[in-house]
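A structural walkthrough
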Amino acid sequence: MRYPIFVGDDEEQANRQVAIWRQSPREVKDEDYQEFYQHLTLDFEPPLEHIHTVVDAPLRLYALLYIPTNPEKNVFSLRKEDGLKLYARKILIQEYTTELLPKYFRFIQGVVDAEDLPLNVSRETIQSNPLIIRIRKILTSQVINKLEQIAKKDDELYEKFWNVYSNFLKEGIATAEDGREELYPLLRFKTTKVVDRLSSLNDYIGRMKAGQKKIYYILGDDETSVLQSPHLDYFNKHEYEVITFTNAMDSFMLINLREYEGFEFT
């Protein structure tokens, strides 16, 4: 609301006059992000992370996105469907907009405010609107960049994210028509040589034997049975590291995960 609101005799202002997503990220405190998240979702568990984006060119765009700690909506949740709240110049256009991010990022919650979006845009025309397509590319890139930053700076936080949302990323690799390669560096897994922590594909390549030309993996139901598989005897004998894929989504993902940095998956 543009105008200050005071309740009863309390001199403390009860409303925020400036939309938080339109403020500079430098001006917003962590407690303000938390307060807005609770207001938006009625989820009183703090989010894993937030992404606050202000873009001036090639279009003017404001976005405040959150990664919830838990993707399951609680009984009090205000967000009953997937999708982001879409505004045009602070006017709400659509409550649940699924076209602003790929389906595999449907767990993201938040608001998007576009200056250049016409106020009369409809649900029927929003899918083909070229501005929405550009916004989708910007937001997808921002989410991936944020996840990459977390993965580099905070192993513990990224492991929390991975334990909850790994199947969403694997779904993206398996089903996305374009851009799936951007998800490859975000993958994490255990191997025959590193069983007590998660590794990335770059970690695996960095530990390769001299002359190794392929990325080796084995599929199975659980870590214990996979590590005891006789199929690993040759690789253990010759000290080749093997990725252990034990999640039900892994075989689905591997349909499209064929190679990484020139190394074929075998």
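Residues numbered from 1 in each chain as written. Predicted model: local features only at pLDDT ≥ 70, side-chain atom pairs only at ≥ 80, totals over all residues. Heavy atoms only, no water.

**Description of the sheet that holds strand S6 (residues 190-191)**
Read from one edge to the other, the open sheet built from three strands follows the order S6-S9-S8, with strand pairing classed as mixed. The open sheet has two edge strands with one neighbour each: S6 and strand S8 (217-219). (Pairing = 2+ DSSP bridges. Helix = DSSP H or I, 4+ residues; strand = E, 2+ residues; numbered from the N terminus.)

**A look at the packing of aromatic side chains**
Counting across every chain of the model gives 19 aromatic pairs. Taken together, the aromatic side chains of Tyr-104, Phe-105, Phe-107, Tyr-158, Phe-161, Tyr-165 and Phe-168 make up a single cluster linked through ring pairs. Across from the ring centre of Tyr-240, 4.9 Å away, lies the NZ or CZ of Lys-209, which sits over that ring. (Phe/Tyr/Trp six-rings, centres within 6.5 Å; stacked < 30°, edge-to-face > 60°. Lys NZ or Arg CZ within 6 Å of the ring centre and 35° of its normal.)

**Observations regarding the pairing of strand S4 (residues 91-97)**
The pairing of strand S3 (residues 84-88) with S4 spans four bridges and is classified as antiparallel. Opposite Leu-86, over in S4, you have Gln-94 as the bridge partner. Taking the residues that link successive antiparallel strands as the turn, the S3-S4 hairpin has two residues, and the phi of Arg-89 there is positive, at about 50°.

**Some points on a negative patch on the surface**
A cluster of acidic side chains, namely Glu-177, Asp-178, Glu-181, Glu-182, Glu-259, Glu-261 and Glu-264, defines a negative patch on the protein surface. Tracing the backbone through its elements, the reader meets Asp-178 in the loop between helix H4 (155-175) and S6. (Patch = residues over 30% accessible without salt bridge, like charges linked within 9 Å, V, L, I, M, F, W, Y side chains within 5 Å. Areas by Shrake-Rupley, 256 points an atom, 1.4 Å probe, with all protein chains shown as cover. Salt bridge = Lys/Arg side-chain N within 4 Å of Asp/Glu carboxyl O. Lys, Arg positive; Asp, Glu negative; His and termini not counted. Charge placed at Lys NZ, Arg CZ, Asp CG, Glu CD.)

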